[in-house]
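Close look at the chain arrangement
Residue strings, one per chain:
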Amino acid sequence: MTSIQRFVTGILPALLGMSISTTGLAADQLETSAKPDVAGFKSRVLPLLEDFCIDCHDNSIRKGKFSLEGINPDVTSDDDYEAWRLIAEQVEFGDMPPKKKDQPSAEQRRVLLAWIKTEMRKGPLPGASSNEKLLLPEFGNHVDHQALFSRRLDRVYPMPPRIWRLRPAIYNATVPRLGERVGGLANGLNQLDGSEFKDYAATYFLDEAAAVPLLGNAKKVAERLVSPQSKDRVFKQLVEDAGPPNDKTVDEAIRTAFHKALGRAPTTEERARFKAFYDKAAKVGGYKSAARALLTAVLMQPEVLYRQELGDGKVDSFGRTRLSQREIAYALSYALSDLPLDEFLDAAKKGNLATREQVAQLVAERLKDDSKLYGKNPRVLQFFREYFHYPFADEVFKDEPEGGQHEAGRLIGDLETTIRDVLRADKDVLAELLTTRKFYVNTHYKQDKKKGVVLQKAHHKQGKYHTAFNLPPDWKWSVDRQPITFPQDERAGVLTHPAWLAAWSGNFENHPVQRGKWVRTHLLGGSVPDVPIGVDARVPEAEHKSFRDRLRMATSAAECWRCHRKMDPLGVVFERYDHYGRYQRRDAGQPVDASGLISRTGVPELDGKSVSGPTELMDLLARSPYVEQVFVRHVFRYFMGRNETLGDANTLQDAHKAYRNSGGSFNALVVSLLSSDSFLLRQSPQTGSP
């Protein structure tokens, strides 16, 4: 049975949510049943809600526009998932009931919180959740952090097999591989806007609207391949005026098309099937039309549009199947690049991707051999672009500042030069990115024919660009001064760089809410609900009041502060800078108050810590092992193309250990993830109980 047949007959139903299961999990390690504990809800939880909550939160009173009457005991369902998350947070941090109301005992709080967390952990079991939004990148933090890092499981419980729609960069590289230049191709593979990771398997699918332009592209490419301008002899032979090609020529064309478009030889079954398709098309429309149809069909094969991770068909004693070596080669290639990489494909052909150790060695060699420009593995630098989201600075329109110059593109380039330096050193990467006080100004790396990779002035017309860094107007560029070390209390890491600050600002003012939300979600592993529909989220205008004071006016109401307390105390520390990213000491004529507070993390060494400004906040977070673990979770999502589940606990712990033991090497972290069971294995849908 071919991989395509296995997909259609066995794996497709699993990917559509039928009979997907986790099997063999030890009861004291991982909750296996996806069924809600309705009996426990009725006996232990509902009485507590009725005693302490329902009086204010029934359908008639709905205090805070929140009702618990008739709440669904299936915690992971779409209906009341957010409600249960809110209840857990209020109970854990003692926010509810209000201080003047009767309070549950410590034991009652423990019982209620334990039941909710146990039920919530059923959602992120591998393949178990019916709540599709939990598969999206913005919901990755909903998986219990303590459950992921507190203890080892007996093994990794991987996700089911999947097909993964190619990202546009991979698809766009297909035509150049054919050796032809074809213009006017449509973009049928959209990517989501926003600040989350873009290439997620659960985010995209091909519908009719997407398939139509892709089919048009395939027809255009096929037309070019058989045209007189084509560089390939065998394709032109298909449409020669002398008459129809013989069977040998058609077979050679099929082989060549597969090699160029799919990077592999066709199977015997595929050769026969495509030859039969050609013959039928030739009877209907003639041999020239059949040639175009044949090439179009090859260019519309699933492998041209999807990554297939179906497994080699061999199931281990735990019901897990390993990706075939060819699938591993493509998975590794697309994790690091937008092209199929020869070293991985050659290794697969030789059988050298059979073990985790072989995979780890090849990935390590690939990462070690990168250049200062990080052009060999573009997906590495792309992670930091998507994680920090600083390239968005180019999308935020701003007027020119008085007495200065704002050029977002140059700011982005300068920040990337700093990030490349940190990656090349590959030591304490996260801490360096959060705390470095060395930044480049108007500088980039360039390949010189004689000297190799060198630092050069990025733009000869400097203008007033350097004022974005508060450098004096008469400052002159010199390669000997690059990078510039800024004062200790002025800049510290990516989050104090003008590119990041501009990306997370408005057109005319700062955006401390969004900045605080980023810190909460990307460094502290928390989550913040979206702004409710109908809420006026504008900050009021008030002359002679600082933005911090005006923000307090807008968010101090109890129903607002419930969420803003997670963001604002973290975001207002960046009021030390204006919305261009320039250091400022006064705002609206008032001395800047850049103090902040870390709270509601559940991490003893962080909760309750007050900071005087952004540099102190960054120094504090950079020293936290917990923040490192949150960072590891984000790296996992990016390279796996999915959210972590409880079954990935061992993989995450091993990755964090590899990072720490290597002195904070990002390369070591990536090697650990790409050679893990979470990356290499899939849970067979034919095994286990539904």
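Residues numbered from 1 in each chain as written. Predicted model: local features only at pLDDT ≥ 70, side-chain atom pairs only at ≥ 80, totals over all residues. Heavy atoms only, no water.

1. Observations regarding the domain arrangement of the protein chain
This is how the line gets drawn: For the purposes of this description, domain bounds are those given by an automatic or database domain assignment.
Domain parsing of the protein chain yields domain 1 (3–123), domain 2 (162–307), domain 3 (370–503) and domain 4 (511–532 + 545–623). Its C-alpha centre places domain 2 at a distance of 51 Å from the equivalent point of domain 4.

2. Topic: the pairing of strand E2 (residues 306–309)
The line we're drawing: A 1.4 Å probe rolled over the protein chains alone gives each residue an accessible area, and that area as a share of the maximum for its type sets the label: buried under 20%, exposed over 50%, partly exposed in between. Helix and strand definitions follow DSSP, with helices as H or I runs of at least four residues and strands as E runs of at least two, each counted in order from the N terminus. In this analysis, strands are considered paired if DSSP registers two or more bridges between them.
Here E2 shows two buried faces, one formed by Tyr306 and Gln308 and the other by Arg307 and Glu309. Pairing geometry for strand E1 (residues 162–165) and E2, over four bridges, is antiparallel. By the bridge assignment for E2, tryptophan 164 is matched with arginine 307.

3. What to know about the confidence of the model for the protein chain
Under the convention used in this document: How sure the predictor is of each residue is captured by pLDDT, a score from 0 to 100. Residues count as neighbours in contact if any of their non-hydrogen atoms are within 4.5 Å of one another.
Looking at the protein chain, the pLDDT average stands at 86 and 92% of residues meet or exceed 70. Contacts of residues 1–33 to residues separated by more than four positions or lying in other chains number 73 contacts, the stretch itself having pLDDT below 50.

4. Quick word on helix H15 (residues 342–349)
The condition is simple: Directions drawn from the helix axis to the C-beta atoms are what define this arc.
Residues of H15 that are buried include every one of Phe344, Leu345, Ala347 and Ala348, and no others. The arc that holds the buried residues of H15, viewed along the axis, is 160°, so those residues lie on one side. Summarising the geometry of H15, the exposed residues directed more than 90 degrees from the buried face are Asp342 and Lys349. Glycine 351, located one to two residues past H15, shows a positive phi value of around 75°.

5. Topic: the side chain of aspartate 568
The condition that has to hold: The charge count treats Lys and Arg as positive and Asp and Glu as negative. His and the chain ends do not count. Salt bridges are defined as contacts in which a side-chain nitrogen from Lys or Arg sits within 4 Å of a carboxyl oxygen from Asp or Glu. Here a polar contact means two N or O atoms within 3.5 Å. Within protein one must be a hydrogen donor candidate and the other an acceptor candidate, and residues neighboring in sequence count only if both atoms are side-chain atoms.
In this fold, aspartate 568 is placed in helix H24 (residues 568–571). With no salt bridge to any partner, buried aspartate 568 finds its closest opposite charge in arginine 552, at an N-O distance of 8.4 Å. A distance of 3.3 Å separates polar atoms of two side chains, one belonging to aspartate 568 and the other to threonine 555.

6. Observations concerning the pattern of salt bridges
Per the stated rule, a full pass over the model turns up 37 salt bridges. Among the salt bridges present, the one from arginine 437 reaches aspartate 619, with a minimum N-O distance of 3.3 Å. With arginine 437 in the loop between helix H19 (429–435) and strand E4 (438–439) and aspartate 619 in helix H25 (residues 614–622), this residue pair connects regions lying 182 residues apart in the sequence. A salt bridge links aspartate 578 to arginine 582; the shortest N-O distance between them is 2.9 Å. No difference in accessibility class separates aspartate 578 from arginine 582, as the two residues are buried. When salt bridges with common partners are traced through the structure, they connect Arg162, Arg167, Asp199, Arg307, Glu309, Asp338 and Arg682 into a single cluster.

7. So, the packing of helix H3 (residues 81–92) against helix H4 (residues 106–120)
Under the convention used in this document: For helices, the fitted line uses only the C-alpha atoms of the stretch in contact; every axis is such a line through C-alpha atoms, and the angle between N-to-C directions lies from 0 to 180 degrees. Handedness of a crossing follows from how the near helix is turned relative to the far one, being left-handed for an anticlockwise turn of less than a right angle and right-handed for a clockwise one. Amino acids are sorted into nonpolar (Ala, Val, Leu, Ile, Met, Phe, Trp, Tyr, Cys and Pro), charged (Asp, Glu, Lys and Arg) and polar (every other residue, Gly among them).
Orientation of H3 relative to H4, taken along the N-to-C sense of each, is 145°, at an axis distance of 10 Å. Relative to H4, the crossing made by H3 is left-handed. Residues Tyr81, Trp84, Arg85, Ile87, Ala88, Gln90, Val91 and Glu92 of H3 touch H4, and the partners they reach there are Arg109, Leu112, Leu113, Trp115, Ile116, Lys117 and Met120. Class assignment for the residues of the contact of H3 with H4 results in 10 nonpolar, one polar and four charged.

8. What to know about the environment of glutamine 325
Along the chain, glutamine 325 falls in helix H14 (residues 325–336). For the pair glutamine 325 and leucine 681, spaced 356 residues apart in sequence, the C-alpha to C-alpha distance is 11 Å. Those residues in contact with glutamine 325 that sit more than four places away from it in its chain are Ala347, Ala348, Gly351, Asn352, Leu353 and Ala354.

9. Section: the side chain of glutamine 629
Structurally, glutamine 629 can be placed in helix H26 (residues 625–640). Apart from the residues lying within four places of it in its own chain, the contact partners of glutamine 629 are His145, Phe149 and His656.

10. Quick look at the packing of H14 against helix H17 (residues 378–388)
Packed helices, taken two at a time, are described by the angle their axes make and the gap between the axes. Spelled out, the test is: Put simply, angles under 35 degrees are roughly parallel, angles over 145 are roughly antiparallel, angles from 65 to 115 are roughly perpendicular, and the rest are oblique.
As a packed pair, H14 and H17 sit with axes 6 Å apart at the nearest point and diverge in direction by 55°. Taken together, the axes of H14 and H17 are oblique relative to one another. Note on element contacts: H17 touches H14 through Pro378, Arg379 and Val380, opposite Tyr334, Ala335 and Leu336. Of the residues belonging to the contact of H14 with H17, the class tally is five nonpolar, no polar and one charged.

11. Here we look at unusual backbone geometry
For the bond running from glutamine 482 to proline 483, omega is -5°, close enough to zero to count as cis. By the element assignment, proline 483 lies in the loop between strand E6 (452–457) and strand E7 (484–485). Despite not being glycine, asparagine 442 has its phi angle at roughly 60°, a positive value. Phi at arginine 600 is positive, roughly 60°, even though this residue is not glycine. Take arginine 600: it is sitting in the loop between strand E10 (596–598) and strand E11 (609–611). Overall, arginine 600 belongs to the buried group, its relative accessible area being 17%.

12. Here's the deal with empty space enclosed by the protein
The condition that has to hold: Definitions used for this entry: grid spacing 1 Å over protein atoms alone; cavity, a set of points where a 1.4 Å probe fits but cannot get out; pocket, an open set with protein on both sides within 12 Å along at least 5 of 7 lines; lining residue, one with an atom within 4 Å of a point. Grid points are joined across faces, edges and corners, and a volume is the space filled by probe spheres set on the points.
Scanning all chains against the criterion turns up three cavities of 30 Å³ or more. Considering only enclosed or pocket space, the largest cavity measures out at about 40 Å³ in volume. Going through the elements one at a time, helix H10 (247–262) and helix H12 (287–299) are the ones with two or more residues in the lining of the largest cavity. Among the elements that take part in the lining of the largest cavity, H12 stands out by supplying three residues, more than any other. When grouped by side-chain class, the residues that make up the lining of the largest cavity number eight nonpolar, no polar and no charged.

13. Examining the nonpolar core
Our working definition: Among the buried residues, those of types Ala, Val, Leu, Ile, Met, Phe, Trp, Tyr and Cys that are joined through side-chain atoms within 4.5 Å form a nonpolar core.
Ranked by size, the top nonpolar core spans 109 residues in total, and within it Phe384, Phe388, Leu495, Leu621 and Phe666 carry the most contacts. If you tally residues by element for this core, the top one is H26, at 10 residues. Once residues lying within four places of it in the same chain are set aside, the contact partners of phenylalanine 388 are Leu433, Val494, Leu495, Trp500, Trp504 and Trp518. Among the nonpolar cores identified, the runner-up in size contains 36 residues, and Leu225, Val250, Ala261 and Tyr306 belong to it.

14. Focus: H25
Of all nine residues making up H25, seven are buried, and the element is well covered by its neighbours. Within H25, burial applies to Pro614, Thr615, Leu617, Met618, Leu620, Leu621 and Ala622.

15. Some points on the environment of alanine 211
When you line up the elements, alanine 211 lands in helix H8 (residues 208–225). The class of alanine 211 is partly exposed, set by a relative accessible area of 29%.

16. Quick look at the packing of aromatic side chains
For clarity, the cut-off: When two rings of Phe, Tyr or Trp (its six-membered ring) have centres within 6.5 Å they constitute a pair, described as stacked for plane angles under 30 degrees, edge-to-face for angles over 60, and tilted for the intermediate range. Geometrically, a charge over a ring is one whose NZ (Lys) or CZ (Arg) sits within 6 Å of the ring centre while staying within 35 degrees of the ring normal.
Summed over all chains, the structure comprises 26 aromatic pairs. Consider the rings of phenylalanine 388 and tryptophan 518, whose centres lie 5.6 Å apart with planes at 20°: the pair is stacked. Placement of the pair is phenylalanine 388 in helix H17 and tryptophan 518 in helix H21 (residues 512–522), with a sequence separation of 130 residues. An identical accessibility class is assigned to phenylalanine 388 and tryptophan 518; each is buried. Here lysine 398 stacks its cationic end above the ring of tyrosine 580, 5.8 Å away from the centre of that ring. One Lys or Arg, arginine 410, reaches over the ring of tyrosine 465 and ends 4.3 Å from the middle of that ring.

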